[in-house]
Amino acid sequence: MTYAITQTCCNDATCVAVCPVNCIHPTPEERAFGSTEMLHIDPRACIDCGACADACPVDAIFPVDSLSAGQREYADINAAYYEGEEPLPVGDEVDGPNFHVWGEPAFERSLPSDFGPLRVAVVGTGPAGMYAAQDLLLHTAAEVTLIDRLPVAGGLVRYGVAPDHPATKKVGDTFSRFHSHPRVRMHLGIEVGRDVTAEELSAHHDAVVYAVGASTDKRLGVPGEELPGCLSATAFVAWYNAHPEAVAQGVDLSAERVVVVGNGNVALDVARILVADPEALAATDIAAHALDALRASRVREVVVLGRRGPEDAAYTRSELLALKHVPGVELVVDDHDPRTAAAIDAAGAGDRAAVLKGLARVRTDAASPTDGERRIVLRFHSEVVEIWGGGGGVRSVRVTDGGGAGAADLGAGLLLRAIGYRGLPVPGLPFDEASGTVPHDGGRVAGLPGSYVVGWIKRGPSGGIGANRTCAAETVGALLADAVAGELPAPKGDAKAFRRLARQRNRRVVDARGLAAIDRAERDRGRRDGRPRVKLATVEELVATARSGRLLRLTR
């Protein structure tokens, strides 16, 4: 029996480090690492030890004979990655006590033993920031100040991962163990530029790492985009994930058809949530207000528009495969453009478009969807030309194929644009308007010694959770090299001075004890409702819970 890596693979390569037979590829040392959608286990070399499954932070690895019906394709996907390659030598073929030859150990992110502890601020508690903090805490004696503009930690793990992907959210458990680390000080609810300046952060720390992500979205730039009922997928995801800055009652789901513009993983996420069984979602941590709205929803069809063909779609094969197995939801392809069918029919076994083979092919038009089960329609070679309104909202979307040879009007009451994220300027840091990133050299902020970037604000909105691990390694490596070279400016204030400053500027700062109180309260609410947790959905609720929980512990 061998193991296989499945849909929720986060690509952070934790499994690679523990495999005793080097059967998981690509590894971080290989050129292909980061360019594949997932990692793969070689069934010819796997010895069924289970070390990878134990180490996986997102429960993506299972024995092949235990895969569910919806996951069985992953055994073939793993094996196909190694077709035509000779297996690496293992076992008796290797002259040594190990199952395979290991490279020389390298300690690229460390400081000399006699080097004093650094004091580093990490701005942002999503995956990028927490991988950077993890590196610093595990490889050095650094003291880390965690800062986030929200009064709760988690970033995109908490507010970006779809609620029906609970395994992916488990990576948050890996990060949360560092929240109460003895060398960590947490200041949640502090915003750089509002409560403290970048200069003040630098004045109290040896270095500052900015992991603020890409918090806004790209625009379509077409007439009608400002109509009510035309929203960003970013806002919709925030709404169903109980982001405290999302409007709790702000999404109208009274129309039978929704148009989603874009064909990345976020587009598939929002399409799936819109037509999923609300009672299945009731077992997740979806926002209570979103669950109520979805139970009353009239949406039965979601049309996902892709500007290019199925061979160039931006979503991962894993997410598309999962879309084929949503209970009670039919996945179909719009064949308005002959290029779509041609690309699907010509796709090779390993091509993304091959997943669409065997799906029904339909034509969508201005009319509402016909009676029947809920469905998701993938319409390629289509662009939005104009959005028409009526009755105070969206009524119709005019779309055309990529070559401009024809147009169609799709009746719809909601349009969600999912065409990419974009970073926002951080006050006090340089900013590249064209790319939506902070200019840097290997993570070093241009012109600001002691300031660094990591994650999407560094490299742009590309790569999933695991991509941040290698990104953080580069940035932390640059920071430590600068420290050894004596290139970090000396701070003027200490940790206590920064704590006083933060609380003077914002009396509602949440610390690690307050965060633990929020976590307990949400889990307690979840247990009462038979759910993993029920999220507190406003800043006021979060702050009040943090305070009351902290005071309760102090009085015991």
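For the structure, see preceding data.
Residues numbered from 1 in each chain as written. Predicted model: local features only at pLDDT ≥ 70, side-chain atom pairs only at ≥ 80, totals over all residues. Heavy atoms only, no water.

**Some details on a negative patch on the surface**
Then, in step 1: Together, E29, E30, E85 and E108 make up a region of like negative charge exposed at the surface.
Then, in step 2: Relative to the elements of secondary structure, E29 occurs in the loop between β2 (24-25) and β3 (40-41).
Then, in step 3: Overall, E29 belongs to the exposed group, its relative accessible area being 69%. (Patch = residues over 30% accessible without salt bridge, like charges linked within 9 Å, V, L, I, M, F, W, Y side chains within 5 Å. Areas by Shrake-Rupley, 256 points an atom, 1.4 Å probe, with all protein chains shown as cover. Salt bridge = Lys/Arg side-chain N within 4 Å of Asp/Glu carboxyl O. Lys, Arg positive; Asp, Glu negative; His and termini not counted. Charge placed at Lys NZ, Arg CZ, Asp CG, Glu CD. Helix = DSSP H or I, 4+ residues; strand = E, 2+ residues; numbered from the N terminus. Buried < 20%, exposed > 50% of the residue type's maximum accessible area, 1.4 Å probe, protein only.)

**Focus: the sheet that holds strand β18 (residues 407-411)**
Two orientations exist for strands paired in a sheet by backbone hydrogen bonds: parallel and antiparallel.
Then, in step 1: Taken in spatial order, the three strands line up as β16-β17-β18 in an open sheet, and their pairing is antiparallel. Across the chains shown, the open sheet's two edge strands, defined by having one partner strand only, are β16 (382-390) and β18. In this sheet, neighbouring strand axes are inclined to one another by 25° on average, regardless of whether the strands run parallel or antiparallel.
Then, in step 2: In this sheet, strand β17 (residues 393-401) lies alongside β16 in antiparallel orientation, the contact comprising eight bridges. Following the sheet pairing, G389 is matched in β17 by V394. (Pairing = 2+ DSSP bridges. Axes fitted to C-alpha atoms, helices over the stretch in contact; angles between N-to-C directions.)

**A few points about the packing of aromatic side chains**
Then, in step 1: The full count for this structure, using the stated rule, is five aromatic pairs.
Then, in step 2: Ring centres of Y131 and F175 lie 5.0 Å apart, and the angle between their planes is 85°; on these two criteria the pair is classed as edge-to-face. Here Y131, found in helix α4 (residues 127-139), pairs with F175, found in helix α7 (residues 171-176); they are 44 residues apart in sequence, far enough to count as distant.
Then, in step 3: For Y131, a relative accessible area of 3% gives the class buried. (Phe/Tyr/Trp six-rings, centres within 6.5 Å; stacked < 30°, edge-to-face > 60°.)

**Some points on the packing of α4 against helix α16 (residues 467-484)**
Then, in step 1: Following both chains from N to C, one finds α4 and α16 inclined at 50°, their axes separated by 8 Å at the closest point. Taken together, the axes of α4 and α16 are oblique relative to one another. Where α4 crosses over α16, the two elements pack in a sense that is right-handed. Counting all contacts with α4, which are made through P127, A128, Y131, A132, D135 and L136, the residues of α16 involved are N468, R469, A472, A473, V476 and L480.
Then, in step 2: Broken down by class, the residue content of the contact of α4 with α16 amounts to nine nonpolar, one polar and two charged. (Parallel < 35°, antiparallel > 145°, perpendicular 65-115°, else oblique. Left-handed = near helix turned anticlockwise from the far one by under 90°. Contact = heavy atoms within 4.5 Å. Nonpolar A, V, L, I, M, F, W, Y, C, P; charged D, E, K, R; others polar.)

**Details of helix α3 (residues 73-80)**
Then, in step 1: Of the positions making up α3, those classed as buried are Y74, A75, I77 and N78. Within α3, the buried residues cover an arc of 165° as seen down the axis, which keeps them to one side. (Arc of directions from axis to C-beta.)

**Regarding the side chain of D269**
Then, in step 1: By the element assignment, D269 lies in helix α10 (residues 265-275).
Then, in step 2: Residue D269 is classed as buried on the basis of its relative accessible area of 11%.
Then, in step 3: Excluding its chain neighbours within four sequence positions, the residues that come into contact with D269 are A162, H165, Y240 and E319.

**Structural notes on helix α17 (residues 495-505)**
Then, in step 1: Along α17, the residues that are buried comprise A497, F498, L501 and A502. Buried positions in α17, seen along its axis, are confined to an arc of 135° and lie on one side of it. The outward face of α17, more than 90 degrees from its buried face, is lined by the exposed residues K496 and Q504.
Then, in step 2: In this fold, the buried residues of α17 make contact with β6 (143-148), β7 (184-188) and α8 (198-203).
Then, in step 3: Capping the start of α17, D494 holds a side-chain oxygen 3.3 Å from the backbone nitrogen of K496, two or three residues further along. (Polar contact = N/O pair within 3.5 Å; in protein donor to acceptor, adjacent residues only side chain to side chain.)

**Quick word on the packing of helix α9 (residues 233-240) against α10**
Then, in step 1: Their axes nearest at 10 Å, the elements α9 and α10 cross at an angle of 50°. Accordingly, the angle class assigned to the pair α9 and α10 is oblique. Where α9 crosses over α10, the handedness of that crossing is left-handed. Within the contact between the two elements, α9 uses A233, F236, V237 and Y240 and α10 uses V266, D269, V270, I273 and L274.
Then, in step 2: Within the contact of α9 with α10, the residues separate by chemical class into eight nonpolar, no polar and one charged.

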